[in-house]
Amino acid sequence: MATILLVDDDPLLRGSLAEDLGAHGHEVAVAETGAHALSFLEHLPIDLLLADLRLPDVTGIALLHEVRARHPEVQVVIMTAFGDIPTAVKAIQDGAYHFLPKPFDLEELHPILTRALETQRLRREVATLRAQQFGDSHIPGLLGESRATRDLRLLIRRVAATPRTSILVVGESGTGKEVVANAIHAASARAAGPMVKVNCSAIPETLLEADLFGYEKGAFTDAKAAKKGLFELANGGTIFLDEISDMALPLQPKLLRVLDEQVFRRVGGLKDIRVDVRVIAATNRDLAALVQAGRFRGDLYYRLRVMEVFIPPLRSRPEDIRHLAHHFLAFYNREFGTSVAGFDRAAESLLTGYGWPGNVRELKNVIERAAILADGDLIVPALLPQQLQASAATLLNGEGGIFLPPALSLEEVEKQYLRTALKAALGNRSEAARRLGITRVTLRAKIRRYGLA
């Protein structure tokens, strides 16, 4: 069945609805404020939100807007008094699935929830089929034709074809580790199953075990009813453990047991629960060094990295930058209703010459900013952040060189860069070619082309 979040400040209504929904086989979480509800949504995979239109801290409309922005996959059903029906109609226009005028018969509720959940299921199936139809070259963050990106897409296809092999995704912050995890799930036989995501650094150590494995009634003070954990909710699908390096040491043996045996026990439980789940973990830290420092279990490390997927930083595949930039610009054109055609040559030079310490995430943010500021057909250097222009000036200046403004043609950029490399190598063409990553024959041809002999 489904996981439903019930939001209402009336304790009697909350109690009766939660009991009824539980009796129909649903997992039910309850909240009495909008803030409490949003906190639940950040940490639990919720299928449907059933919320009152009037809450102590926010309106149901404001909560609806937040949910649609942060968790568009969650279906929302609004409960409202008769006098608020015009507002409830607006909620439908803003993306709610349905509204229920209070008071209502519980028998009216269940057909609505069934239809809402069926609509959600169909949407997920369509998304899966669309991903399979478009293929891996259309995965945002994995676009590009560099050798490294092509190899990464090939590796994703191969590991996705395995039935349950655990995977460790490694890469700097912003490289797209969650994108890779999504791609593996979508390309696997588990695509129709759930994809559950957990950020191990975002959940307090004391709560993470209960979130992952669930708990039995009476396991601790607030455990008034048994609750499934995220591993149970991911049964038949994939669980993505982001920032795995932040998982507390006492919890790591329990994760190791799931990896080895596909069984675990709820907090306070006495019986094993068996699941069929693929685990994908991700980190931007050196786990081997953490093992050496005694901060991560060696046996868990080696069990996780049965298959390691390394995402190279964007600076090591500059030929992908232009492809990604145009993809993100097209995305924001659709998002903002604009029609910016592309980038002028100077702007492209800045994009491809920057080191991108924040990787693909930083590039996406830069393109979003430029798309917002653009008032012409092309993105020009003035629309790009100062750090890109400062980076270009530093790169082109060189020791004792002449400062060059960023608005240069690609040929001028290349000519000055070649001159700087030759000067740094003291005129040694073999050394300059090595630093530039090109052959000596190519360098000689460029020297003749630009008259640098």
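Residues numbered from 1 in each chain as written. Predicted model: local features only at pLDDT ≥ 70, side-chain atom pairs only at ≥ 80, totals over all residues. Heavy atoms only, no water.

**Student:** Please explain the sheet that holds strand β1 (residues 3-7) as it appears in this structure.
**Tutor:** Strand pairing in a sheet relies on backbone hydrogen bonds. The paired strands run either parallel or antiparallel. Strand order across the open sheet formed by five strands is β2-β1-β3-β4-β5, with parallel pairing between neighbours. Edge positions in the open sheet fall to β2 (27-31) and β5 (98-102), since each of these has one partner strand only. If you compare each strand with its neighbour and ignore which way they point, the axes differ by 20° on average. In this structure, β1 lies alongside β2, joined through five bridges in parallel fashion. Paired with Leu-5 across the bridge in β2 is Ala-29. Along the sheet, helix α1 (residues 11-23) makes contact with β1, β2, β3 (48-52), β4 (75-81) and β5, crossing β2 at roughly 170°. Along the sheet, helix α3 (residues 60-70) makes contact with β3 and β4, crossing β3 at roughly 160°. (Pairing = 2+ DSSP bridges. Helix = DSSP H or I, 4+ residues; strand = E, 2+ residues; numbered from the N terminus. Axes fitted to C-alpha atoms, helices over the stretch in contact; angles between N-to-C directions. Contact = heavy atoms within 4.5 Å.)

**Student:** Would you explain the packing of aromatic side chains in this entry?
**Tutor:** According to the stated counting rule, one finds eight aromatic pairs in the structure shown. Both rings, one in Phe-213 and one in Phe-231, keep their centres 5.5 Å apart while their planes meet at 10°; by these two values the pair is stacked. Of this pair, Phe-213 sits in helix α8 (residues 205-213) while Phe-231 is found in helix α9 (residues 230-233), placing the two residues 18 residues apart along the sequence. This pair shows no difference in class: Phe-213 is buried, exactly as Phe-231 is. (Phe/Tyr/Trp six-rings, centres within 6.5 Å; stacked < 30°, edge-to-face > 60°. Buried < 20%, exposed > 50% of the residue type's maximum accessible area, 1.4 Å probe, protein only.)

**Student:** What exactly am I supposed to notice about the pattern of salt bridges here?
**Tutor:** Working definition: two side chains of opposite charge can pair if their charged atoms are close together. If you walk through the whole model with that rule in mind, you get 20 salt bridges. A salt bridge links Arg-305 to Glu-308; the shortest N-O distance between them is 3.4 Å. Using a relative accessible area of 33% as the deciding quantity, one classes Arg-305 as partly exposed. The salt bridge involving Arg-317 is made with Asp-320; its shortest N-O contact spans 3.3 Å. (Salt bridge = Lys/Arg side-chain N within 4 Å of Asp/Glu carboxyl O.)

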